[in-house]
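Take a look at the letters that make up each chain.
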Amino acid sequence: MDGIHDVGGMQGFGHVLPLDAGPPFAQPWEGTAFALGLLAIRAAGANLHAFRHAIERVPPGEYLRGYYNRWLIGAQILLEDSGIVSAGQVSARAARLRGAAAGEPAPPEPHKPQMASGGAGNLRAIDRPRAFSVGDRVRVRDLHPAGHCRAPRYVRRRAGLVAAQGPGHVFPDSAAHFLGEDPQYVYSVEFDSRELWGPDAEPFSLTIDLFEPYLEPAT
Amino acid sequence: MDGIHDVGGMQGFGHVLPLDAGPPFAQPWEGTAFALGLLAIRAAGANLHAFRHAIERVPPGEYLRGYYNRWLIGAQILLEDSGIVSAGQVSARAARLRGAAAGEPAPPEPHKPQMASGGAGNLRAIDRPRAFSVGDRVRVRDLHPAGHCRAPRYVRRRAGLVAAQGPGHVFPDSAAHFLGEDPQYVYSVEFDSRELWGPDAEPFSLTIDLFEPYLEPAT
Amino acid sequence: MTTATSHLDPALRAEALASLLAERGLIDQATVDSFIKAYEQSVGPMNGAKVVARAWTDPQYRARLLADGTTAIAELGFKGAQGEKIVVLENTPRLHHVVVCTLCSCYPWPVLGLPPSWYKDPSYRSRVVREPRQVLAEFGLVLGDDVQIKVFDSSSEVRYMVLPLRPPGTERLTEEELAALVTRDSMVGVAQVSGP
Amino acid sequence: MTTATSHLDPALRAEALASLLAERGLIDQATVDSFIKAYEQSVGPMNGAKVVARAWTDPQYRARLLADGTTAIAELGFKGAQGEKIVVLENTPRLHHVVVCTLCSCYPWPVLGLPPSWYKDPSYRSRVVREPRQVLAEFGLVLGDDVQIKVFDSSSEVRYMVLPLRPPGTERLTEEELAALVTRDSMVGVAQVSGP
């Protein structure tokens, strides 16, 4: 999904924030939001990828209103998807908490999605050969998925070198939609900055972990 | 500039708004904002491209808060660039209008930019041959400008056919920065939807006006 | 970042900016009011509707309009800001045009006035270049698979206006009656013109 | 769009959601408090600092850490959520690493705790993959042209932690004293470790 979350290389966000070592939660509600996110994941099928995808679907204006705001709305979207709460309930409850005498809609019918799991975490043994070796020149496919995808726009259609073979890994593009783990090999792919940003780019290299289905041999 | 304004192909903005034929200005301040934009352009060098680029530099969170909000902040940025107002003045004046007894900073030193103009409007006669003809297959260059540019991300690196030769035209990439008119030919370039969005795209064609420096022959 | 980034209620920001510019003599209320009034009253889709109705009833005008939109539109008295060069896109039973500006909200002001909210919203701007058939369907315009769609993204100072199909059953209407049928949405390409 | 899109004050949204989940037995205050307390008190950059100090003082540990970060870090008792596989990137006088997550804000929780505000902000996420030298300079870290920069965008469940350079003049410090010098920022790669 080419959403607002995919900010790599975007311009216009201004100076970086100061290297402030404040507390993890600047305000009490941020701690609550953090815990709600973890509990929402647990309640809605223990699927971190689905939670990430829910955050990606936070409306862009809200997405840009801060990390724990998008985390919190992401949790709500995940819970809505699972029929655990409805948006109408949240609004109505919020109004009641503010003292309004609003009625509340009935709770929705839960339909928590299920997905067979090969075990805890995301690392998986895969018993097929790898498509790419260290040193291989690869190109990121020109992907246009409607759903969750971990290949950001700024590397698509760009060529780099396989710098390391990463682990076998639950495939986020499938798992986020509860369509199965479909484990895939991960590769650390290194790009020259000029391949990404043109000949005037600062000299540096960019390494990113990409799943095998995102890659094709570079010709 | 790869800013928030370049939304072509982005996902996550939800349903389109209804085809509502409301009045041009839903609230009185919108009409004021509209007029302020036109007057800011006039005051700051009569450069529409510079105004567009100012809107592109509206902070993304504000950009997404509606058209006349970004138009208004764009006008302010353009006026700040010209030393006609300062941001501190605007904040202080806003506070005073709300009844605060705030002091106001001194007005800045105006330095309204000037640019030699070949005439009114943007169409210009160009006395050099065109690089491309109707039917030519062209590719949009892999541009990464820090400044104003009218080649959106979604067509870069994509190949299409020249559908029409447009007019000679002040070059926005130069004019927006008051660096001169540098007139360039415009071409209407037509792309197949699958070239833009992959083999599963809806079938349609996309035509966009692109300036000659954005294009190279497609091999 | 400048403090332009600090959030202000837009009505208050407008008032503050206007007050600062007035002190400098760069703005006066009469000019502001004249701009607003122009686009509230004189410049709007009723202009484009007259162009369309003329094209529907006068084959020679139609030919001129499609060959050189700017000049033919100026014949009816419509020109000005955002109308330096206007190209008219002719719909047919097998070809439908729809116009957008993905980078800002360019729009042919002299014939259509100021753009409506949906045209300026990121949803329309982002989606119509990627899934136009779906977007048109959301607007209520379901096109058959045999209708080709051409999307125009207006990224230079060339402005585009759609010449919609004349609806059936309008053979006896006058040019003025026809103009009354033509909607703004049909001239952007997100709707068709319905009969009376 | 769901009405999740309607803007609510986030504190109020959090309270409303928590109250709805509590009614369903899906949340209790003790669990919420335990999550918060864990990341306020137990899990944070002091963990990573111990790893770094050990690597600076124990060449064999350093070798194990660079060969298999996850296992070597677990030796010191650090593991858990967002630490399934941790790769340690070794800075040298000629090579500087910096870590980001452009798509969200992935971060090695067991060694660094929860990410700081600047790491989660779109400015850092968007810019450090395009102009890292400029971004580091804004943070106050000006690297010589002879220092190569490698940016890591963590887009899978592999997490990255930087092993910063040991500052000069620290030869006599104990492992514990060294750990006290190591900052979170140096383990993300946006700062260097300063001497005492």
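All figures in this text were calculated on a predicted structure; none of them were measured in a lab.

### Re the overall build of chain C
When its secondary structure is counted, chain C shows 11 helices and 4 strands. Dimensions of chain C, computed from C-alpha atoms along their principal axes, come out at roughly 55 × 35 × 30 Å. Residue burial in chain C is summarised as follows: out of 196 residues, 57% are buried. Long-range contacts, defined as pairs at least 24 residues apart, comprise 67% of the intrachain contacts of chain C with a sequence gap of at least 6. Here chain C displays about 7700 Å² of accessible surface, and carbon together with sulfur accounts for 52% of that area. Side chains of chain C give 20 positive and 23 negative charges; the mean places of these two sets differ by 4 Å.

### Structural notes on the packing of helix α4 (residues 67–81) of chain B against helix α1 (residues 10–23) of chain C
Orientation of α4 of chain B relative to α1 of chain C, taken along the N-to-C sense of each, is 35°, at an axis distance of 10 Å. Taken as a pair, α4 of chain B and α1 of chain C cross one another with a handedness that is left-handed. On the side of α4 of chain B, the interface is formed by Asn 69, Leu 72, Ile 73, Gln 76 and Leu 79 of chain B, while α1 of chain C contributes Pro 10, Arg 13, Ala 14, Leu 17 and Leu 21 of chain C. Considered class by class, the residues forming the contact of α4 of chain B with α1 of chain C number 7 nonpolar, 2 polar and 1 charged.

### What to know about the interface of chain A and chain D
A common measure of how large an interface is: the accessible area buried when the components associate. Tallying the contact residues gives 87 residues for chain A and 77 residues for chain D. Carbon and sulfur atoms supply 63% of the area buried between chain A and chain D, which totals about 7100 Å² over both sides. Interface area lost by chain A to chain D is led by Val 16, Leu 19 and Arg 93 of chain A, which between them contribute 10%. At the junction of chain A with chain D, the criterion picks out 3 salt bridges. Put simply, Glu 23 of chain D and Arg 93 of chain A hold a salt bridge, and the shortest N to O gap is 2.7 Å. Applying the counting rule to chain A against chain D returns 37 residue pairs in polar contact (both at pLDDT 80 or more).

### Here's the deal with the side chain of Glu 212 of chain A
All names here are of chain A. Along the chain, the position of Glu 212 falls in the loop between β4 (205–211) and β5 (215–217). As a buried residue without a salt bridge, Glu 212 has its nearest oppositely charged side chain in Arg 128, at a separation of 4.8 Å. Of the polar contacts made by the side chain of Glu 212, one reaches the side chain of Tyr 187; its length is 2.4 Å. Contact partners of Glu 212, with chain neighbours within four places excluded, come to Arg 130, Ala 131, Phe 132, Gln 184, Tyr 185 and Tyr 187.

### Observations concerning the pattern of salt bridges
The final tally for this structure, using the stated rule, is 46 salt bridges over all chains. As a salt-bridge pair, Arg 158 of chain B and Asp 142 of chain A come within 2.5 Å of each other at their nearest N and O atoms. Of the two residues, Arg 158 of chain B sits in the loop between β1 (137–140) and β2 (159–169) while Asp 142 of chain A sits in the loop between β1 (137–140) and β2 (159–169), which places them in two different chains. Judged by relative accessible area, which is 9%, Arg 158 of chain B ranks as buried. Several salt bridges share partner residues, and in doing so they unite Arg 93, Arg 96 and Glu 104 of chain A together with Glu 23 of chain D into one network.

### A closer look at the domain arrangement of chain C
Each domain of chain C was delimited in the assignment, giving domain 1 (11–41) and domain 2 (45–188). The centre of domain 1 of chain C, based on its C-alpha atoms, is set 31 Å off from the matching centre of domain 2 of chain C.

### Here's the deal with the pairing of β1 of chain B
All names here are of chain B. Burial along β1 is one-sided: the residues Val 138 and Val 140 are buried and none of Arg 137 and Arg 139 is. Summarising the sheet, β1 and β2 pair through 3 bridges and their orientation is antiparallel. When the sheet's bridge partners are listed, Arg 137 is paired in β2 with Leu 161. Bridge analysis of β1 against strand β5 (residues 215–217) gives 3 bridges, and the strand direction is antiparallel. What sits directly across from Val 140, in β5, is Leu 215.

### Section: the sheet that holds strand β3 (residues 148–153) of chain C
Read from one edge of the open sheet, 7 strands run β5(B)-β1(B)-β2(B)-β3(B)-β4(B)-β3(C)-β2(C), paired in mixed fashion. Across the chains shown, the open sheet's two edge strands, defined by having one partner strand only, are β5 of chain B together with β2 (95–100) of chain C. Strand-to-strand twist across the sheet, computed as the mean angle between neighbouring axes with direction ignored, equals 35°.

### Overview of the domain arrangement of chain A
All names here are of chain A. For chain A, the assigned domains read domain 1 (1–113) and domain 2 (123–217). Among the residues domain 1 hides against domain 2, the three largest losses belong to Met 1, Asp 2 and His 49. Together they make up 38% of the total. Counting across the domain 1 and domain 2 interface gives 2 salt bridges. Arg 153 is paired through a salt bridge with Asp 6; the nearest N and O atoms lie 3.9 Å apart. Run the count over domain 1 and domain 2 and you get 6 residue pairs in polar contact (both at pLDDT 80 or more).

### Digging into empty space enclosed by the protein
One water molecule sets the probe size; rolling that probe over the atoms shows where empty space is left. Following the criterion strictly, the structure yields 1 cavity of 30 Å³ or more and no others. Put simply, the largest cavity is a space of about 440 Å³. Those elements that provide at least two residues to the lining of the largest cavity are α7 (193–197) of chain A together with α7 (193–197) of chain B. The class makeup of the residues in the lining of the largest cavity is 7 nonpolar, 6 polar and 15 charged.

### Re the side chain of Gln 76 of chain B
Turning to its location among the elements, Gln 76 of chain B is positioned in helix α4. Judged by relative accessible area, which is 1%, Gln 76 of chain B ranks as buried. Only 2.8 Å separates the side chain of Gln 76 of chain B from the side chain of Arg 13 of chain C, close enough to count as a polar contact.

### Here we look at the nonpolar core
By size, the foremost hydrophobic cluster in this structure holds 257 residues, and its most contacted members are Leu 210 of chain A, Leu 210 of chain B, Tyr 124 of chain C together with Tyr 124 of chain D. Apart from the residues lying within four places of it in its own chain, the contact partners of Tyr 124 of chain D are Val 16 of chain A together with Val 98, Val 99, Val 100, Trp 118, Tyr 119, Val 135, Phe 139, Val 188 and Val 190 of chain D.

### Some remarks on the packing of aromatic side chains
Taken as a whole and judged by the stated rule, the model has 45 aromatic pairs over all chains. Consider the rings of Tyr 67 of chain B and Tyr 68 of chain B, whose centres lie 4.9 Å apart with planes at 75°: the pair is edge-to-face. For the pair shown, Tyr 67 of chain B and Tyr 68 of chain B are each scored as buried. Feature note: the residues Phe 25, Phe 34, Phe 51, Tyr 67, Tyr 68 and Trp 71 of chain A together with Tyr 39 and Trp 109 of chain D constitute an aromatic cluster, connected by ring pairs. Against the face of Tyr 187 of chain B rests Arg 130 of chain B, its NZ or CZ located 5.3 Å from the ring centre. Note that Arg 54 of chain C overlies the ring of Tyr 61 of chain C, its terminal NZ or CZ placed 5.8 Å from the centroid.

### Comments concerning unusual backbone geometry
All names here are of chain B. Notably, Arg 157 is not glycine yet its phi reads approximately 70°, a positive angle. Mapped onto the elements of the fold, Arg 157 is located in the loop between β1 and β2. What makes Arg 157 buried here is its relative accessible area of 18%. Phi at Asp 182 is positive, roughly 40°, even though this residue is not glycine. Take Asp 182: its relative accessible area is 39%, and that puts it in the partly exposed class.

### Thoughts on helix α3 (residues 45–57) of chain C
With 13 residues, α3 of chain C should cover 18 Å at 1.5 Å per step; its first-to-last C-alpha distance of 18 Å lies within 8% of that length. Those residues of α3 of chain C lying buried are Asn 47, Gly 48, Ala 49, Val 51, Val 52, Ala 53, Ala 55 and Trp 56 of chain C.

### What to know about the sheet that holds β5 of chain A
Strand order in the open sheet formed by 7 strands is β5(A)-β1(A)-β2(A)-β3(A)-β4(A)-β3(D)-β2(D), and the pairing between neighbours is mixed. Taken across any chain shown, the strands that pair with only one partner, and hence form the sheet edges, are β5 of chain A together with β2 (95–100) of chain D. With direction set aside, neighbouring strand axes in the sheet form an average angle of 35°.

Basis of the calculations
- Residues numbered from 1 in each chain as written.
- Chains lettered and ligands numbered in written order.
- Predicted model: local features only at pLDDT ≥ 70, side-chain atom pairs only at ≥ 80, totals over all residues.
- Heavy atoms only, no water.
- Helix = DSSP H or I, 4+ residues; strand = E, 2+ residues; numbered from the N terminus.
- Buried < 20%, exposed > 50% of the residue type's maximum accessible area, 1.4 Å probe, protein only.
- Contact = heavy atoms within 4.5 Å.
- Areas by Shrake-Rupley, 256 points an atom, 1.4 Å probe, with all protein chains shown as cover.
- Lys, Arg positive; Asp, Glu negative; His and termini not counted.
- Charge placed at Lys NZ, Arg CZ, Asp CG, Glu CD.
- Axes fitted to C-alpha atoms, helices over the stretch in contact; angles between N-to-C directions.
- Left-handed = near helix turned anticlockwise from the far one by under 90°.
- Nonpolar A, V, L, I, M, F, W, Y, C, P; charged D, E, K, R; others polar.
- Buried area = accessible area lost by both parts, 1.4 Å probe.
- Salt bridge = Lys/Arg side-chain N within 4 Å of Asp/Glu carboxyl O.
- Polar contact = N/O pair within 3.5 Å; in protein donor to acceptor, adjacent residues only side chain to side chain.
- Domains from an automatic or database assignment.
- Pairing = 2+ DSSP bridges.
- 1 Å grid on protein atoms, 1.4 Å probe; cavity = no way out; pocket = protein on both sides within 12 Å on 5 of 7 lines; lining within 4 Å.
- Points joined across faces, edges and corners; volume = space filled by probe spheres on them.
- Core = buried A, V, L, I, M, F, W, Y, C linked by side-chain atoms within 4.5 Å.
- Phe/Tyr/Trp six-rings, centres within 6.5 Å; stacked < 30°, edge-to-face > 60°.
- Lys NZ or Arg CZ within 6 Å of the ring centre and 35° of its normal.
- Expected span 1.5 Å × (residues − 1).

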